Amino acid sequence: MSDGAVLHVKGRVLAGPEDVRDELWVVGGRVSYDRPAGARDITTLTGWALPGLVDAHCHVGLGADGPVDADTAEKQALTDREAGTLLIRDAGSPSDTRWVDDRPDLPKIIRAGRHIARTRRYLRNYAWEIEPEDLVAYVAQEAGRGDGWVKLVGDWIDRGVGDLAPCWPREAVEAAIAEAHRLGARVTAHCFAESSLRDLVEAGIDCIEHATGLTEDLIPLFAERGVAIVPTLVNIATFPHLAAGGESRFPAWSAHMRRLHERRYDTVRGAYDAGIPVYVGTDAGGSLAHGLVAAEVAELVTAGIPPVQAVSATSWGARAWLGRPGLEEGAPADLVVYEGDPRADVRVLAAPRRVVLDGRIVE
């Protein structure tokens, strides 16, 4: 398409869960619902159009052993794009991926800086590893480096007790979250277990990643405070394998991980039924492949979330939560066109027909 070309998307445009339009136009890279006067160079796409998908827990620039080079990070981002993911909340990365912002052909990234973990309590080469007295300073630092988010590691295996345990004392997270909010950043935390959640939520945290430890007694607290969860069920599927690998050294941890895995669907459905916001995230990067956003939506449906709400968790709802537009008039034209209605069958999301980023067809 030339710079002066107009893109016409017709069929069914899902501007919202129930807001279905017959067509939209893309002029100058932006959405319009009015036919442009005098348009001549028009390219037409047909099908079911959805705002570009959101992966709200993804790691561009991160590999199994830590940061990766730019070529590898580019391949990660392109894999996500091919899957229809056009907006990523990068939930912690040791790599500087600001160069992606200058590439109009790559997904847009909302960064959370680098993970902040307790010393020797996380994966090697991933995080800043510090002690509680330094937490406020590092949160301030990463708030300045991120795009409105900071990522804590809330719990991890404590080798002294042989099981998952909180990483931070209550007073440390209270001060750190208050500092992030003062600086205009939201805070999220990696949490597998039950024991770290109450302190983090009562300290004012905005989101919990994985949230496998969410129990019936904690659900009302999350709902009352409006704390979102990003379950990353495609990652939780690896728990049995992880548990088997640690069985001989940490049997209590292994048994705990299996229990968390076994109740994963009940946990997510209980959260949804209580009104806790649930969003799609894959935890791609590290050891998990990119491009799994459709699989994660399908997992939410398996957990019992209605299909239209599972789609919203990666489109309209997720974009609103992250403060980014969908297919509103004048918004950047980031959209995916499918063969059928994803609200009727979320498996449609696994096969994008065309991908449009900033008004240009890229796939």
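Caption draft 1: Region of the structure containing the overall build of the protein chain. Each helix and strand in the protein chain was counted, giving 12 helices and 20 strands. Expressed along its principal axes, the backbone C-alpha trace of the protein chain runs to roughly 70 × 40 × 35 Å. Sorting the 363 residues of the protein chain into buried and exposed places 55% on the buried side. Long-range contacts, defined as pairs at least 24 residues apart, comprise 65% of the intrachain contacts of the protein chain with a sequence gap of at least 6. Total accessible area computed for the protein chain in this model is approximately 14300 Å², and 48% of it derives from carbon and sulfur atoms. In the protein chain, 39 side chains carry a positive charge and 54 a negative one; their mean positions are 2 Å apart.

Caption draft 2: Structural context of a positive patch on the surface. On the surface, a cluster of positive charge is made up of Arg120, Arg124, Arg159 and Arg249. With respect to the secondary-structure elements, Arg124 resides in the loop between β9 (116–118) and β10 (128–130).

Caption draft 3: Fine view of the sheet that holds strand β3 (residues 30–32). With respect to topology, 7 strands assemble into an open sheet ordered β3-β2-β1-β4-β18-β19-β20, the strand pairing being mixed. Either end of the sheet is taken by a strand with one partner, and the two such strands are β3 and β20 (360–361). Both strand β4 (residues 42–51) and strand β18 (residues 335–338) contribute to a ladder of 4 bridges, which runs antiparallel. For Pro51, the partnering residue across the bridge sits in β18 and is Leu335.

Caption draft 4: Structural detail: helix α1 (residues 70–82). Relative to the 18 Å expected for 13 residues at 1.5 Å per residue, α1 spans 18 Å between its end C-alpha atoms, a close match to the ideal helical length. Ala73, Gln76, Ala77, Asp80 and Arg81 are the residues of α1 that are buried. Buried residues along α1 cover an arc of 140° about the axis, so they all sit on one side. For α1, exposure combined with an orientation more than 90 degrees from the buried face picks out Asp71 and Lys75. Structurally, α1 contributes buried residues whose contacts are with β5 (53–63), β7 (85–90) and β19 (354–357). One or two steps after α1, the chain reaches Gly84, where phi turns positive at roughly 95°.

Caption draft 5: The environment of Ile205, seen in detail. In this structure, Ile205 sits in the loop between α4 (197–202) and β15 (207–210). For the pair formed by Ile205 and Ala189, sequence separation is 16 residues and the distance between their alpha carbons is 8.0 Å. Among all residues touching Ile205, those that are not within four sequence positions of it are Ile177, Val187, Thr188, Ala189, Leu200 and Val227.

Caption draft 6: Molecular detail of the packing of helix α7 (residues 239–246) against helix α8 (residues 251–262). Taken N-terminus to C-terminus, the directions of α7 and α8 make an angle of 170°; their axes are 8 Å apart at the nearest point. Taken as axis vectors, α7 and α8 run roughly antiparallel relative to one another. Seen from α7, the contacting residues are Phe239, Pro240, Leu242, Ala243, Ala244 and Gly246; seen from α8, they are Pro251, Trp253, Ser254, Met257, Arg258, Leu260 and His261. Residue composition of the contact of α7 with α8, by class: 9 nonpolar, 3 polar and 1 charged.

Caption draft 7: Structural view of the nonpolar core. Leu135, Ile205, Ile208, Phe222 and Leu300 are the most contacted members of the largest nonpolar core, which totals 78 residues. Per element, the largest residue contribution to this core is 5 residues, and it comes from helix α3 (residues 170–182). Those residues in contact with Ile208 that lie beyond four places of it in its chain are Thr188, Ala189, Cys191, Leu197, Leu200, Phe222, Val227, Ala228, Ile229 and Val230. Listed in part, the 15 residues of the second largest apolar core include Val9, Leu24, Leu45 and Leu335.

Caption draft 8: Summary view of the packing of helix α2 (residues 135–145) against α3. Relative to each other, α2 and α3 sit at 25°, their axes nearing to 9 Å. In terms of orientation, α2 and α3 fall into the roughly parallel class. Classified by chirality, the crossing of α3 by α2 is right-handed. Of α3, the residues touching α2 (which contributes Leu135, Val136, Val139 and Ala140) are Ala172, Val173, Ala175, Ala176, Glu179 and Ala180. Residue classes in the contact of α2 with α3 are distributed as 9 nonpolar, no polar and 1 charged.

Conventions we followed
- Residues numbered from 1 in each chain as written.
- Predicted model: local features only at pLDDT ≥ 70, side-chain atom pairs only at ≥ 80, totals over all residues.
- Heavy atoms only, no water.
- Helix = DSSP H or I, 4+ residues; strand = E, 2+ residues; numbered from the N terminus.
- Buried < 20%, exposed > 50% of the residue type's maximum accessible area, 1.4 Å probe, protein only.
- Contact = heavy atoms within 4.5 Å.
- Areas by Shrake-Rupley, 256 points an atom, 1.4 Å probe, with all protein chains shown as cover.
- Lys, Arg positive; Asp, Glu negative; His and termini not counted.
- Charge placed at Lys NZ, Arg CZ, Asp CG, Glu CD.
- Patch = residues over 30% accessible without salt bridge, like charges linked within 9 Å, V, L, I, M, F, W, Y side chains within 5 Å.
- Salt bridge = Lys/Arg side-chain N within 4 Å of Asp/Glu carboxyl O.
- Pairing = 2+ DSSP bridges.
- Expected span 1.5 Å × (residues − 1).
- Arc of directions from axis to C-beta.
- Axes fitted to C-alpha atoms, helices over the stretch in contact; angles between N-to-C directions.
- Parallel < 35°, antiparallel > 145°, perpendicular 65-115°, else oblique.
- Nonpolar A, V, L, I, M, F, W, Y, C, P; charged D, E, K, R; others polar.
- Core = buried A, V, L, I, M, F, W, Y, C linked by side-chain atoms within 4.5 Å.
- Left-handed = near helix turned anticlockwise from the far one by under 90°.

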